[in-house]
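# Understanding the architecture of this molecule
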Amino acid sequence: MKKNKNKLAGLQKRKAISGYLFIAPFIIGFLVFMIKPFFQSLYMSFCEVTLGGGSFEQAWIGLSNYVFTFTVDPDFNRLLVEQFSAMMVDSVAIMVFSFFVALILNQKFKGRALVRAIFFLPVILSSGVIIGLETDNALMAQISASIEETTSNISITDSIEEILRTAGVGVRAFEKVFEIIDKIYDIAIASGIQIIIFLSGLQTISASMYEAADIEGCTAWESLWKITFPMISNLFLVNWIYTIVDYSMRSDNDVMDKISIVMIQQLQYGLASAMSWIYFLIVIVIIGISSLLISRGVYYYD
Amino acid sequence: MTKKAKMKDKSNSFWERNRKSQGYLLKKTIMKYAVSICRFILLFGMCFMILQPILNKISVSFMTQDDLYNPIVISIPQHFTTENYILTNELIDYTHTVMNSFWIALTIAIVQVAMGTLVGYGFARFEFPLKKFWFACVMIVILIPPQTISSSLHLHFRFFDIFGIFKMITGESINLRGSVIPYYLMSFGCMGLKNGLYIFLIRQFFRNIPKELEEAAYVDGCGTLKTFVRIMLPDAKPILTSCFLFAFVWQWTDGFYSKMFLGGTTLVSTELARLSDKLGAYIQRIMGIKTTVSVAYSNCIVSTGTLMIIMPLIVLYLFAQKGFVESLSSSGIKM
């Protein structure tokens, strides 16, 4: 018995060593580039950092950076609340939109490859600096405003909006929906990757399932909820996490802007660290709680 | 097969068959066409919405200054000109900048994907102590906003040292800011732009490859490394292409890391961010007096610059479209 165990341990040991060799680049990188800045920025958030010529000094001031952020700074609380409430609404909208588009793009029709290519284009064209330029381009805003103006009389969404507003049923809920519809462009360009992930999931569902359901008298609507939904429910989790991570790290993000202004223009490294740690912790908590909730509903086929 | 063959088989008209099926065929056909018309309208609208900003930019980039202020001109320029392109080319030193960006993005992407493959394979196929802990670290790297640690990374590279070795030898720590070395080092250490994501994707892919393939290789006397190179790598081609293309594109447009680590090199992303300031300086130099550039004109130049900078990406996308879309969707990522 003991001998057997030893033998196994030898093989396992060899495997473990090669495993460690494979992930060595990550470990080294993590230790050299991540651990130190990680803890240093945590430490700095409790310090007053002054930059002198040639070196910098940190003086421990306890929680006062955090206190300052929450009680004195005029913008931070507001930005934080705005950011996270917008994130919740938008992320749900992105999930629904991308699921819907993936369902359509999974059907067979002419020009499918072209449409897929177009839907995926924003992943490439609106990353990094380009999206920042897009948001403060007054000329483009002007052009779209003038287009909107000339077409405002024939806009279907406007008239529907008008009718529903005057009907006065559930106005608050409708307002949210209209808000999302107005932002549909932002949602569409933010959901490229999610569409692809959903598509990849849809392609793995075997057609025989749908056939069986069809023979048993299942309508398309029912098979959407009974087959498609459970089969790709694990991708909802992946997509949800990706959406939140992506959303909270976008470069046109107000909180991030605020942090970099505090850091680069006002040179308050300690305060900036405290702010970004607050932000980071909230994002982690949101991801943790929501993925726990979603993972309860996930159905694993095998 | 299908329709025509069936028609010939039965050799009776549509209405005949419809009658036999008690109206079911007619209903089915109408439904089919209605669905495809709805789908067409929806998709056309959404595609147009996505493409519209690019089309707008194209039309604006060919306008003269007069056209920009002319309220009648909206999308088709009255005085067609390529002046904007010439000016932008001069302002951002196009060829030089694109070559710079190209080399950086290419090398960084190769390094990132190579390292991601090694690490992803290690996580997917080996059992070792603390595996869960290290994978949690990968998740932290994905989740942590670079801005959170940027302030201390800033200082880390400003006063760079490895355990005080350099300080002992030269008495000074090294200032690595403004050079490209730190960024390459970080990419080698899997800490570059979105590097954790590539590790994650590649790991998920390797996990889905059947284990028997590998075991067969081991039984036949293949070593660990040889198995990896000869058996696993060729299988992983689709996911590697996808990751490489993503790494390239995201590096190309990235502003954050470029500004922080590659400030000394002229790159398309940093040049684009500075374009409107440069235009102001240029106009001042030409006019000889202190003036401000009109908002419309500077936005027009920025649009032109954006177009010129995404042009290589569009070309790349046209050629490697399959690599972007199909290979990622066929690789079957699972949680």
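Only a predicted model underlies this, so the values are computations on that prediction, with no experimental measurement involved.

### Concerning the overall build of chain B
- When you go through chain B residue by residue, the secondary structure sums to 18 helices and zero strands.
- Counting contacts in chain B only where the partners sit at least 6 residues apart, residues at least 24 apart contribute 69% of the total.

### Description of the overall build of chain A
- When its secondary structure is counted, chain A shows 15 helices and two strands.
- Burial status across chain A gives 44% buried among its 302 residues.
- The long-range fraction of contacts in chain A, counting pairs at least 24 apart against all pairs at least 6 apart in sequence, stands at 69%.
- Of the roughly 16400 Å² of accessible surface on chain A, a fraction of 65% belongs to carbon and sulfur atoms.

### Regarding the packing of helix H3 (residues 76-105) of chain A against helix H3 (residues 24-61) of chain B
- Direction vectors running N to C along H3 of chain A and H3 of chain B enclose 125 degrees, while the axes themselves pass 12 Å from each other. Classified by the angle their axes make, H3 of chain A and H3 of chain B are oblique. Crossing angle aside, the handedness with which H3 of chain A passes H3 of chain B is left-handed. In contact with Phe97, Phe100, Val101, Ile104 and Leu105 of chain A of H3 of chain A, H3 of chain B contributes Arg39, Leu42, Leu43 and Met46 of chain B.
- Here the residues of the contact of H3 of chain A with H3 of chain B are counted per class, giving eight nonpolar, no polar and one charged.

### Here's the deal with unusual backbone geometry
- Residue Leu130 of chain B is not a glycine yet carries a positive backbone phi of 65 degrees.
- A positive phi is found at Cys190 of chain B, a non-glycine position, where the angle reads about 60 degrees.

### Remarks on a nonpolar patch on the surface
- Together, Ile37, Phe40, Ile41, Phe44, Phe48, Leu55 and Ile58 of chain B make up a nonpolar patch on the protein surface, roughly 730 Å² of accessible area in all.
- With respect to the element layout, Phe44 of chain B can be found in helix H3.

### Considerations on the packing of helix H2 (residues 64-72) of chain A against helix H15 (residues 269-297) of chain A
Residues and elements named next belong to chain A.
- The geometry of H2 relative to H15 is characterised by a closest axis approach of 9 Å and an angle of 70 degrees between their N-to-C directions. Accordingly, the angle class assigned to the pair H2 and H15 is roughly perpendicular. Here Asn65, Tyr66, Phe68, Thr69 and Phe70 of H2 come into contact with H15, specifically with Gly270, Leu271, Ala274, Met275, Trp277 and Ile278.
- Of the residues belonging to the contact of H2 with H15, the class tally is eight nonpolar, three polar and no charged.

### Some thoughts on the interface of chain A and chain B
- The partner chain B presents 93 residues to the 85 residues of chain A that form the contact.
- Both faces combined, the contact of chain A with chain B buries some 8200 Å², and carbon together with sulfur accounts for 79% of it.
- Among the residues of chain A in contact with chain B, Phe22, Phe26 and Phe33 of chain A are the three that bury the most area, contributing 10% of the side total.
- Taken together, the connections running from chain A to chain B amount to zero salt bridges.

### Observations concerning the environment of Arg116 of chain A
Residues and elements named next belong to chain A.
- Within the element layout of this structure, Arg116 appears in helix H4 (residues 112-125).
- Using a relative accessible area of 4% as the deciding quantity, one classes Arg116 as buried.
- Note: C-alpha distance between Arg116 and Asn234 (118 residues apart in sequence) is 23 Å.

### Digging into the packing of aromatic side chains
- Scanning the entire structure with this criterion turns up 39 aromatic pairs over all chains.
- Relative to Tyr121 of chain B, the ring of Phe22 of chain A lies with its centre 5.0 Å away and its plane at 75 degrees, an arrangement referred to as edge-to-face. With Phe22 of chain A in helix H1 (residues 2-44) and Tyr121 of chain B in helix H6 (residues 94-125), the pair connects residues from two separate chains. This pair shows no difference in class: Phe22 of chain A is buried, exactly as Tyr121 of chain B is.
- Between Phe229 of chain A and Phe236 of chain A, the ring centres sit 5.1 Å apart and the planes meet at 45 degrees, which makes this aromatic pair tilted.
- For Phe229 of chain A, a relative accessible area of 29% puts it in the partly exposed group.

### Some details on the state of the cysteines
- According to the stated counting rule, one finds zero disulfides over all chains in the structure shown.
- Just so you know, Cys38 of chain B is unpaired, no disulfide at all, and the nearest cysteine sulfur is the one on Cys47 of chain B, 16 Å from it.

### Some thoughts on helix H13 (residues 224-235) of chain B
All names here are of chain B.
- With twelve residues, H13 extends 16 Å between its outermost C-alpha atoms, agreeing within 8% with the 16 Å of an ideal straight helix rising 1.5 Å per residue.
- Among the residues of H13, those classed as buried are Thr227, Phe228 and Met232. Looking down the long axis of H13, one finds its buried residues gathered within 95 degrees of arc, a one-sided arrangement.

### Topic: the side chain of Gln204 of chain B
Residue and element names in this part refer to chain B.
- In this fold, Gln204 is placed in helix H11 (residues 195-208).
- For Gln204, a relative accessible area of 3% puts it in the buried group.
- In this structure the side chain of Gln204 is engaged in a polar contact, spanning 2.6 Å, whose partner is the side chain of Arg203.

### Notes on the confidence of the model for chain B
Residues and elements named next belong to chain B.
- In the predicted model, chain B carries a mean pLDDT of 80, and the fraction of residues at 70 or more is 84%.
- The element-level mean pLDDT for chain B is lowest in helix H1 (residues 3-10), coming to 56, with H6 highest at 90.
- Predicted complex, confidence summary: ipTM 0.76, pTM 0.80.

### Side note on the pattern of salt bridges
- Under the criterion given, the structure shown has nine salt bridges over all chains.
- Two residues, Asp73 of chain A and Lys258 of chain A, come together in a salt bridge whose shortest N-O distance is 3.3 Å. Pair noted here: Asp73 of chain A is in the loop between H2 and H3 and Lys258 of chain A is in helix H14 (residues 254-265), with a separation of 185 residues, a long-range link.
- A salt bridge links Arg19 of chain B to Glu16 of chain B; the shortest N-O distance between them is 3.8 Å. One end of the pair, Arg19 of chain B, and the other, Glu16 of chain B, are both in helix H2 (residues 14-20), three residues apart, so they sit about a helical turn from each other.

Cut-offs used in this document
- Residues numbered from 1 in each chain as written.
- Chains lettered and ligands numbered in written order.
- Predicted model: local features only at pLDDT ≥ 70, side-chain atom pairs only at ≥ 80, totals over all residues.
- Heavy atoms only, no water.
- Helix = DSSP H or I, 4+ residues; strand = E, 2+ residues; numbered from the N terminus.
- Contact = heavy atoms within 4.5 Å.
- Buried < 20%, exposed > 50% of the residue type's maximum accessible area, 1.4 Å probe, protein only.
- Areas by Shrake-Rupley, 256 points an atom, 1.4 Å probe, with all protein chains shown as cover.
- Axes fitted to C-alpha atoms, helices over the stretch in contact; angles between N-to-C directions.
- Parallel < 35°, antiparallel > 145°, perpendicular 65-115°, else oblique.
- Left-handed = near helix turned anticlockwise from the far one by under 90°.
- Nonpolar A, V, L, I, M, F, W, Y, C, P; charged D, E, K, R; others polar.
- Patch = residues over 30% accessible without salt bridge, like charges linked within 9 Å, V, L, I, M, F, W, Y side chains within 5 Å.
- Salt bridge = Lys/Arg side-chain N within 4 Å of Asp/Glu carboxyl O.
- Buried area = accessible area lost by both parts, 1.4 Å probe.
- Phe/Tyr/Trp six-rings, centres within 6.5 Å; stacked < 30°, edge-to-face > 60°.
- Disulfide = S-S within 2.5 Å.
- Expected span 1.5 Å × (residues − 1).
- Arc of directions from axis to C-beta.
- Polar contact = N/O pair within 3.5 Å; in protein donor to acceptor, adjacent residues only side chain to side chain.
- pLDDT = per-residue confidence, 0-100.

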